[in-house]
Amino acid sequence: MIVREETDHFIMIEQDNHAIVSGELIKYWKKELLLSNTLMDSVVTAITLHDYGWKYFDKQPVWNDQLKAPYDFTSYPLAPKTIIYTHGINEVEKIDTYAALLCSMHYTNFMTQESSPYADSFVAQERKRQQEIIHSMKDFDVLNCNIKCNTLCETTI
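Please read these numbers as outputs of a predicted model, since none were measured by experiment.

Caption draft 1: View of the overall build of the chain. In terms of regular secondary structure, the chain is built from 6 helices and 4 strands. The buried share of the chain, taken over its 157 residues, is 46%. Taking the intrachain contacts of the chain between residues at least 6 apart in sequence as the baseline, contacts between residues at least 24 apart amount to 69%. Total accessible area computed for the chain in this model is approximately 9,000 Å², and 55% of it derives from carbon and sulfur atoms.

Caption draft 2: Geometry of the pairing of strand β2 (residues 10–13). Note that strand β1 (residues 2–5) and β2 share 4 bridges and pair antiparallel. Within β2, the residue paired with Arg 4 across the bridge is Ile 11.

Caption draft 3: Up close: the environment of Pro 117. If you trace the backbone, Pro 117 turns up in helix α5 (residues 117–136). In this structure Pro 117 comes out as exposed when scored by relative accessible area, which is 66%. Note: C-alpha distance between Pro 117 and Leu 78 (39 residues apart in sequence) is 9.6 Å.

Caption draft 4: Broad picture of helix α4 (residues 97–111). Here α4 contains 15 residues, and its C-alpha end-to-end distance of 21 Å stays within 8% of the 21 Å for a straight helix at 1.5 Å per residue. Counting buried positions along α4 yields 12 of 15 residues, so the element is predominantly enclosed. The set of residues buried in α4 consists of Tyr 98, Ala 99, Ala 100, Leu 101, Leu 102, Cys 103, Ser 104, Met 105, His 106, Tyr 107, Thr 108 and Met 111. N-cap assignment for α4: the residue whose side-chain oxygen lies 3.0 Å from the backbone N of Tyr 98 is Asp 96.

Caption draft 5: Fine view of the packing of aromatic side chains. For the structure shown, the criterion picks out 7 aromatic pairs. Between Phe 10 and Trp 63, the aromatic rings sit 6.0 Å apart at their centres with planes inclined by 80°, giving edge-to-face as the arrangement. Taken together, the positions of Phe 10 in strand β2 and Trp 63 in strand β3 (residues 63–64) put the pair 53 residues apart, joining distant regions of the chain.

Caption draft 6: Looking closely at the nonpolar core. Core analysis: the largest hydrophobic core is formed by 30 residues, its most contacted members being Leu 101 and Met 111. Breaking this core down by element, the ones donating at least two residues are α2 (40–49), α3 (78–95), α4 and α5. Discounting chain neighbours no more than four positions away, the residues touching Met 111 are Leu 78, Lys 81, Thr 82, Tyr 85, Ala 119, Phe 122 and Val 123.

Caption draft 7: Looking closely at unusual backbone geometry. Its identity is not glycine, yet Lys 68 carries a phi of approximately 55°, on the positive side. Relative to the assigned elements, Lys 68 resides in the loop between β3 and β4 (69–70). The exposure class assigned to Lys 68 is exposed, which follows from its relative accessible area of 58%.

Caption draft 8: Geometry of the environment of Ile 26. Assignment of secondary structure puts Ile 26 in helix α1 (residues 15–27). Residues Ile 26 and Ile 47, spaced 21 residues apart in sequence, show a C-alpha to C-alpha distance of 8.1 Å.

Caption draft 9: Layout of the pattern of salt bridges. Counted under the stated rule, the structure contains 8 salt bridges. Close ionic contact of Glu 14 with Lys 59 constitutes a salt bridge, the shortest N to O distance being 3.0 Å. Of this pair, Glu 14 sits in the loop between β2 and α1 while Lys 59 sits in the loop between α2 and β3; the two residues are 45 residues apart in sequence, bridging distant segments of the chain. Put simply, Glu 93, Glu 126 and Arg 129 are held in one network by salt bridges that share partners.

Caption draft 10: Broad picture of the confidence of the model for the chain. Mean pLDDT over the chain: 86, with 82% of residues reaching 70 or higher. Taken element by element, the chain is modelled with least confidence in helix α6 (residues 143–156), mean pLDDT 54, and with most confidence in α3, mean pLDDT 96.

The rules behind each value
- Residues numbered from 1 in each chain as written.
- Predicted model: local features only at pLDDT ≥ 70, side-chain atom pairs only at ≥ 80, totals over all residues.
- Heavy atoms only, no water.
- Helix = DSSP H or I, 4+ residues; strand = E, 2+ residues; numbered from the N terminus.
- Buried < 20%, exposed > 50% of the residue type's maximum accessible area, 1.4 Å probe, protein only.
- Contact = heavy atoms within 4.5 Å.
- Areas by Shrake-Rupley, 256 points an atom, 1.4 Å probe, with all protein chains shown as cover.
- Pairing = 2+ DSSP bridges.
- Expected span 1.5 Å × (residues − 1).
- Polar contact = N/O pair within 3.5 Å; in protein donor to acceptor, adjacent residues only side chain to side chain.
- Phe/Tyr/Trp six-rings, centres within 6.5 Å; stacked < 30°, edge-to-face > 60°.
- Core = buried A, V, L, I, M, F, W, Y, C linked by side-chain atoms within 4.5 Å.
- Salt bridge = Lys/Arg side-chain N within 4 Å of Asp/Glu carboxyl O.
- pLDDT = per-residue confidence, 0-100.

Right under this line is the structure:
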(Lines give C-alpha, C1' and ligand atoms only; values in the text may rest on other atoms or scores of the structure.)
Protein backbone atom coordinates (compact mmCIF):
# COMPACT_ATOMS: atom_id res chain seq x y z
CA MET A 1 0.00 0.00 0.00
CA ILE A 2 1.19 3.48 -0.82
CA VAL A 3 -0.06 5.68 2.01
CA ARG A 4 -0.19 9.45 2.14
CA GLU A 5 -1.47 11.09 5.29
CA GLU A 6 -3.72 14.12 4.94
CA THR A 7 -5.05 16.32 7.75
CA ASP A 8 -8.04 14.14 8.56
CA HIS A 9 -7.68 11.04 6.41
CA PHE A 10 -5.30 8.80 4.53
CA ILE A 11 -4.97 8.42 0.78
CA MET A 12 -4.11 4.81 -0.02
CA ILE A 13 -3.09 3.43 -3.38
CA GLU A 14 -2.85 -0.32 -3.80
CA GLN A 15 0.58 -1.48 -4.92
CA ASP A 16 -0.87 -3.58 -7.73
CA ASN A 17 -2.72 -0.53 -9.11
CA HIS A 18 0.49 1.50 -9.05
CA ALA A 19 2.26 -1.26 -10.97
CA ILE A 20 -0.49 -1.47 -13.59
CA VAL A 21 -0.26 2.29 -14.19
CA SER A 22 3.53 1.99 -14.46
CA GLY A 23 3.09 -0.76 -17.03
CA GLU A 24 0.72 1.40 -19.06
CA LEU A 25 3.19 4.31 -19.01
CA ILE A 26 6.06 2.24 -20.36
CA LYS A 27 3.93 1.12 -23.32
CA TYR A 28 3.84 4.72 -24.54
CA TRP A 29 7.55 5.46 -24.30
CA LYS A 30 9.29 6.06 -27.58
CA LYS A 31 11.05 2.81 -28.35
CA GLU A 32 14.13 4.66 -29.56
CA LEU A 33 14.66 6.03 -26.02
CA LEU A 34 15.25 2.52 -24.74
CA LEU A 35 18.69 0.95 -25.03
CA SER A 36 17.19 -2.26 -26.39
CA ASN A 37 13.84 -3.53 -27.59
CA THR A 38 14.88 -7.13 -27.04
CA LEU A 39 12.50 -8.78 -24.61
CA MET A 40 10.51 -5.54 -24.33
CA ASP A 41 7.25 -7.43 -23.85
CA SER A 42 8.81 -9.13 -20.85
CA VAL A 43 9.95 -5.77 -19.47
CA VAL A 44 6.40 -4.44 -19.77
CA THR A 45 5.12 -7.57 -18.04
CA ALA A 46 7.64 -7.13 -15.21
CA ILE A 47 6.70 -3.51 -14.71
CA THR A 48 2.96 -4.23 -14.86
CA LEU A 49 3.10 -7.20 -12.48
CA HIS A 50 6.00 -6.30 -10.18
CA ASP A 51 3.66 -5.67 -7.24
CA TYR A 52 1.27 -8.54 -7.94
CA GLY A 53 2.07 -10.13 -4.59
CA TRP A 54 0.35 -7.21 -2.84
CA LYS A 55 -2.88 -7.60 -4.85
CA TYR A 56 -4.90 -9.34 -2.14
CA PHE A 57 -3.02 -8.05 0.90
CA ASP A 58 -3.79 -4.42 0.02
CA LYS A 59 -7.54 -5.13 -0.08
CA GLN A 60 -7.52 -5.02 3.73
CA PRO A 61 -4.96 -2.50 5.04
CA VAL A 62 -3.17 -3.39 8.27
CA TRP A 63 -3.01 -0.77 11.00
CA ASN A 64 0.37 0.19 12.47
CA ASP A 65 -0.28 0.95 16.16
CA GLN A 66 3.10 2.63 16.60
CA LEU A 67 2.63 5.07 13.75
CA LYS A 68 -1.15 5.32 14.18
CA ALA A 69 -1.47 4.85 10.45
CA PRO A 70 -1.89 2.02 7.98
CA TYR A 71 1.29 0.14 7.13
CA ASP A 72 2.70 1.16 3.79
CA PHE A 73 4.88 -1.08 1.67
CA THR A 74 8.07 0.27 3.25
CA SER A 75 7.00 -0.18 6.88
CA TYR A 76 5.15 -3.48 6.43
CA PRO A 77 6.53 -6.20 8.75
CA LEU A 78 9.42 -7.99 7.09
CA ALA A 79 8.37 -11.63 7.59
CA PRO A 80 5.03 -11.33 5.77
CA LYS A 81 6.57 -8.91 3.25
CA THR A 82 9.01 -11.60 2.09
CA ILE A 83 6.10 -14.01 1.67
CA ILE A 84 4.22 -11.40 -0.37
CA TYR A 85 7.26 -10.76 -2.56
CA THR A 86 7.89 -14.47 -3.08
CA HIS A 87 4.25 -15.10 -3.99
CA GLY A 88 4.28 -12.25 -6.50
CA ILE A 89 7.48 -13.41 -8.17
CA ASN A 90 6.15 -16.99 -8.32
CA GLU A 91 3.00 -15.75 -10.06
CA VAL A 92 4.98 -13.64 -12.54
CA GLU A 93 7.24 -16.61 -13.28
CA LYS A 94 4.19 -18.64 -14.36
CA ILE A 95 3.58 -16.00 -17.04
CA ASP A 96 7.06 -14.86 -18.10
CA THR A 97 10.40 -16.12 -16.81
CA TYR A 98 12.41 -13.04 -17.77
CA ALA A 99 9.82 -10.75 -16.15
CA ALA A 100 10.14 -12.86 -12.99
CA LEU A 101 13.91 -12.42 -13.09
CA LEU A 102 13.51 -8.63 -13.24
CA CYS A 103 10.99 -8.66 -10.39
CA SER A 104 13.22 -10.93 -8.33
CA MET A 105 16.19 -8.63 -8.81
CA HIS A 106 14.05 -5.60 -8.00
CA TYR A 107 12.95 -7.04 -4.64
CA THR A 108 16.37 -8.48 -3.88
CA ASN A 109 17.74 -4.95 -4.10
CA PHE A 110 15.24 -3.87 -1.42
CA MET A 111 15.98 -6.80 0.85
CA THR A 112 19.75 -6.41 0.76
CA GLN A 113 19.16 -3.15 2.66
CA GLU A 114 17.58 -5.08 5.56
CA SER A 115 19.35 -6.75 8.44
CA SER A 116 17.17 -9.71 9.29
CA PRO A 117 17.11 -13.50 8.95
CA TYR A 118 13.91 -13.11 6.90
CA ALA A 119 15.65 -10.76 4.48
CA ASP A 120 18.76 -12.96 4.33
CA SER A 121 16.67 -16.03 3.55
CA PHE A 122 14.70 -14.17 0.89
CA VAL A 123 17.87 -12.86 -0.78
CA ALA A 124 19.46 -16.34 -0.82
CA GLN A 125 16.29 -17.90 -2.24
CA GLU A 126 15.97 -15.23 -4.94
CA ARG A 127 19.63 -15.27 -5.93
CA LYS A 128 19.26 -19.00 -6.51
CA ARG A 129 16.16 -18.38 -8.64
CA GLN A 130 17.99 -15.65 -10.56
CA GLN A 131 20.92 -17.93 -11.37
CA GLU A 132 18.58 -20.65 -12.58
CA ILE A 133 16.76 -18.22 -14.86
CA ILE A 134 19.99 -16.63 -16.12
CA HIS A 135 21.45 -20.03 -17.01
CA SER A 136 18.34 -20.83 -19.01
CA MET A 137 18.47 -17.60 -21.05
CA LYS A 138 20.19 -16.90 -24.35
CA ASP A 139 19.80 -13.09 -24.54
CA PHE A 140 21.03 -12.10 -21.13
CA ASP A 141 23.03 -9.10 -22.38
CA VAL A 142 20.03 -6.74 -22.20
CA LEU A 143 19.40 -7.32 -18.51
CA ASN A 144 21.07 -4.19 -17.15
CA CYS A 145 19.13 -2.01 -19.57
CA ASN A 146 15.85 -3.58 -18.52
CA ILE A 147 16.56 -3.36 -14.79
CA LYS A 148 17.17 0.37 -15.22
CA CYS A 149 13.89 0.62 -17.12
CA ASN A 150 12.01 -1.20 -14.35
CA THR A 151 13.63 0.99 -11.67
CA LEU A 152 12.77 4.15 -13.56
CA CYS A 153 9.12 3.17 -13.88
CA GLU A 154 9.03 2.29 -10.19
CA THR A 155 10.18 5.79 -9.25
CA THR A 156 7.98 7.73 -11.67
CA ILE A 157 4.67 6.77 -10.06
